[in-house]
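Inside the fold
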Amino acid sequence: MSIKTYQPLSLCDRWIQENNELVNKWKQQERGAEAVSHNHIQTHLRWCLSEFHKLSRKIQGIPPLVDHAQLELTVVYNACLCSVALSQFSEAELLLSQATERVIQMTGDDAISSDPPAFWKTLLKSMGSTTFTSSVKHLLCLQWAVWLAKCQLKTIQEFQDELFSLFETLSTEFGDDERSSERGKSSDIPILVMDPRRLIELLQTCTFIAQGAERLSEGQSSEALSGLQKASSLSAPRTLLAYTHHLSGLCLASMSCPQMALQCYRMALETDSRCVCALYQSILIYRELENTQAEIQALRLLHSTLLLPSATEPPLAGTPLLSPSVLLCSQSLNRMLSVPSALSVLHSLAQKCVLHGRVSEGVEYYLDLLAALHSDDQHGSPSQVHAKDPPLPRLPELYLEAGVALITARRPADCVALCDEVIGTTLELLPEKLVLEEPQEKFQVETRTVGAEGEDRMKMLLWTGAAYLLQGHCHTHLRDWKQAVTHYTRCINLLVKVHFKRKGFQPQIPSADMVGKQGTDLCILQRLKGLSLAGRGISFSQTGQLREALRDLHLSLQAVPDCVGAGLWCGEVLWRLGRRQEAAACWEKTWSFPAHSSVESLRLYLQEPQSGPLLDSTELRHRIQELGSTLSA
């Protein structure tokens, strides 16, 4: 009877076994990735990296030997891949540098160029057909990943033909999938934590995407589109394919092909419903095409999508070890993939609805927005990449905008309550007098107040004035003319506290000719003054105080020369005073005002009210015709 003797494992075999056990532990973790948190996966990955490091130091503790080359380079590949996955790129480059230095010692080559592309070309050429050539190529894949993650696209461009040919080369060396599977099961061969062919597929697609974004940012839309079309035909996770369609849409939009761009954005969303950046860009196209209803529908969909937990990118199926987000981190690409915050989208949605006749929806959206701002809910995932859009208006302004929505929806009492909130928080902080200084460069710098505190007080004064203005509109809507006059007067009295100081002159109450760039404090002040004078003048006209009405309406037109309401009612008052030819001339002049193409650029509370007493232009034209007939008779 023969007795089996125990054969102790050689040092090399023990190292292979240790490597394979680490890889198998990671793969087991990988298979259950959906059931554990992202933090847990990252912790396990850091542990794997630490263990691979320890093993690598053991192997590199002996002189570089060709017999151990495949094992050593496999362990370095595994450690380096973990480093890249954890965004530890300097650590990964150090590992690659140490490994290639030992390869040079094994082959006995002389010093090689320090230029990265030349270094790798020379190294691969010197390898010939040695037994560990494929292992060196695996390391080259990781060098490619590091270059990509560090946005070294010029280096990749210099070496792109060789990099892109790696897939065919390694596929030949690995053989078919069945042979590769058998190779992985063998206990005497060190296994890899990720198939290099899958890594190359990921790198190819990410490279095309990064290069496309860079070219697009440089204005090379056609060249970018060509590369992205190649990327869309590759085997890649659906999130990356969606990115290629999205970026292709950006290229076509920049080439003035909006309909083709919309098709690309639609393909992006069909490929991956989480590609919210494509939905956002569709909104911008609809806005450009003035397709308001489609824009509102897309805004609503974008807002609801941003509130879902799935709006953030999860680990991609099939490649949880190395996320594309690690490889795609250029500023150009991040800008192109960004979207506004959920709150910003909700604000745009509310504003659009109010401006385009969907007032009841707009009211609900504004109330949702205010509720979200007052709650602890961040309203959307904090990890979503947000576009650098103009920030949300400050809370008092949102109250005022919501107030406009409420009065437009025939809810004046609710509007008054919101305005009371604004007045209650700002009124006691208002100064007795405020001086605006002329900017150093006319129309280049916004008219400013003295100091940051003064600027803040100016904002509060304008908000309070706007709140009184809206309350005046509410009482006008209720036909309570006395209260309307009272609130319009409060607005006017507040606004005349502001004086404008030109260089070399004494401070004075500003006039229309002093207004520069739209959106400045001085412009807002003048518009509030014009609207409040118009409101008070119209209110006087309803109580028979025609001379007071005419005075205020004239002053309103001096402050805001293109105020349609003031112009029409000025003509009406002149007509009632028997000055009918002047009235007709006033109406004709008002109808010649240019249409407000930039109405949406005005804050809601700075727009002319859509409630209260209105004049019918058809009836006014009929009056003018009758007047002409009378004069010619």
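Residues numbered from 1 in each chain as written. Predicted model: local features only at pLDDT ≥ 70, side-chain atom pairs only at ≥ 80, totals over all residues. Heavy atoms only, no water.

**A short note on the overall build of the protein**
Regarding its fold elements, the protein presents 29 helices and 3 strands. Every one of the 633 residues in the protein was classed for burial, and the buried ones make up 50%. Expressed as a percentage of contacts within the protein between residues at least 6 apart in sequence, the contacts between residues at least 24 apart total 68%. (Helix = DSSP H or I, 4+ residues; strand = E, 2+ residues; numbered from the N terminus. Buried < 20%, exposed > 50% of the residue type's maximum accessible area, 1.4 Å probe, protein only. Contact = heavy atoms within 4.5 Å.)

**A word on the nonpolar core**
Formed by 194 residues in total, the largest nonpolar core has its most connected members in Leu81, Trp120, Leu163, Leu199 and Leu322. Per element, the largest residue contribution to this core is 12 residues, and it comes from helix α3 (residues 69-85). Residues within four places of Trp120 in sequence aside, it is in contact with Thr100, Val136, Leu139, Leu140, Gln143, Trp147 and Phe159. (Core = buried A, V, L, I, M, F, W, Y, C linked by side-chain atoms within 4.5 Å.)

**Here we look at the packing of aromatic side chains**
For the structure on display, the rule yields 5 aromatic pairs. Ring geometry for Phe119 and Trp120: centres 5.7 Å apart, planes at 90°, overall edge-to-face. Pair check on accessibility: Phe119 and Trp120 agree, each one buried. Relative to Phe208, the ring of Phe164 lies with its centre 5.3 Å away and its plane at 85°, an arrangement referred to as edge-to-face. On the criterion of sequence distance, the pair formed by Phe164 in helix α8 (residues 160-164) and Phe208 in helix α11 (residues 196-217) is long-range, its members being 44 residues apart. With relative accessibility at 11%, the residue Phe208 sits in the buried group. Geometry around Trp591 places Arg621 over its ring, the cationic atom sitting 3.9 Å from the centre. (Phe/Tyr/Trp six-rings, centres within 6.5 Å; stacked < 30°, edge-to-face > 60°. Lys NZ or Arg CZ within 6 Å of the ring centre and 35° of its normal.)

**Points about the packing of helix α27 (residues 564-576) against helix α28 (residues 580-591)**
In contact at an axis separation of 7 Å, α27 and α28 are set at 165° when each is read in the N-to-C sense. If you check the angle between α27 and α28, you find them roughly antiparallel. Where α27 crosses over α28, the two elements pack in a sense that is left-handed. Contacts between α27 and α28 involve Val564, Gly567, Leu568, Cys570, Gly571, Glu572, Leu574 and Trp575 from the former and Arg580, Glu582, Ala583, Cys586, Trp587, Thr590 and Trp591 from the latter. Here the residues of the contact of α27 with α28 are counted per class, giving 9 nonpolar, 3 polar and 3 charged. (Axes fitted to C-alpha atoms, helices over the stretch in contact; angles between N-to-C directions. Parallel < 35°, antiparallel > 145°, perpendicular 65-115°, else oblique. Left-handed = near helix turned anticlockwise from the far one by under 90°. Nonpolar A, V, L, I, M, F, W, Y, C, P; charged D, E, K, R; others polar.)

**Some thoughts on the side chain of Gln160**
Structurally, Gln160 is set in helix α8. Not counting chain neighbours up to four residues away, the residues in contact with Gln160 comprise Thr207, Phe208 and Gln211.

**A look at the pattern of salt bridges**
Applying the stated rule across the entire model yields 23 salt bridges. Across the salt bridge formed by Arg300 and Glu361, the nearest N and O atoms sit 2.9 Å from each other. Here Glu361 lies in helix α20 (residues 359-374) and Arg300 lies in helix α16 (residues 292-306), a separation of 61 residues in the sequence. Since its relative accessible area comes to 25%, Glu361 is described here as partly exposed. Note that Glu361 and Arg358 form a salt bridge whose closest N and O atoms lie 3.0 Å from each other. By relative accessible area, Arg358 is classed as partly exposed at 21%. (Salt bridge = Lys/Arg side-chain N within 4 Å of Asp/Glu carboxyl O.)

**Remarks on helix α21 (residues 395-408)**
Over its 14 residues, α21 extends 20 Å from the first C-alpha to the last, a length consistent with the 20 Å expected when each residue adds 1.5 Å. Across the 14 residues that make up α21, a large majority, 12, are buried. Of all the positions in α21, only Pro396, Glu397, Leu398, Tyr399, Leu400, Glu401, Ala402, Gly403, Val404, Ala405, Leu406 and Ile407 are classed as buried. Looking at the residues trailing α21, positive phi occurs at Arg410, about 65°. (Expected span 1.5 Å × (residues − 1).)

**Concerning the state of the cysteines**
Counted under the stated rule, the structure contains 0 disulfides. No disulfide involves Cys264; its sulfur sits 8.7 Å from that of Cys251, the nearest cysteine. Just so you know, Cys415 is unpaired, no disulfide at all, and the nearest cysteine sulfur is the one on Cys474, 3.3 Å from it. Take Cys415: its relative accessible area is 0%, and that puts it in the buried class. (Disulfide = S-S within 2.5 Å.)

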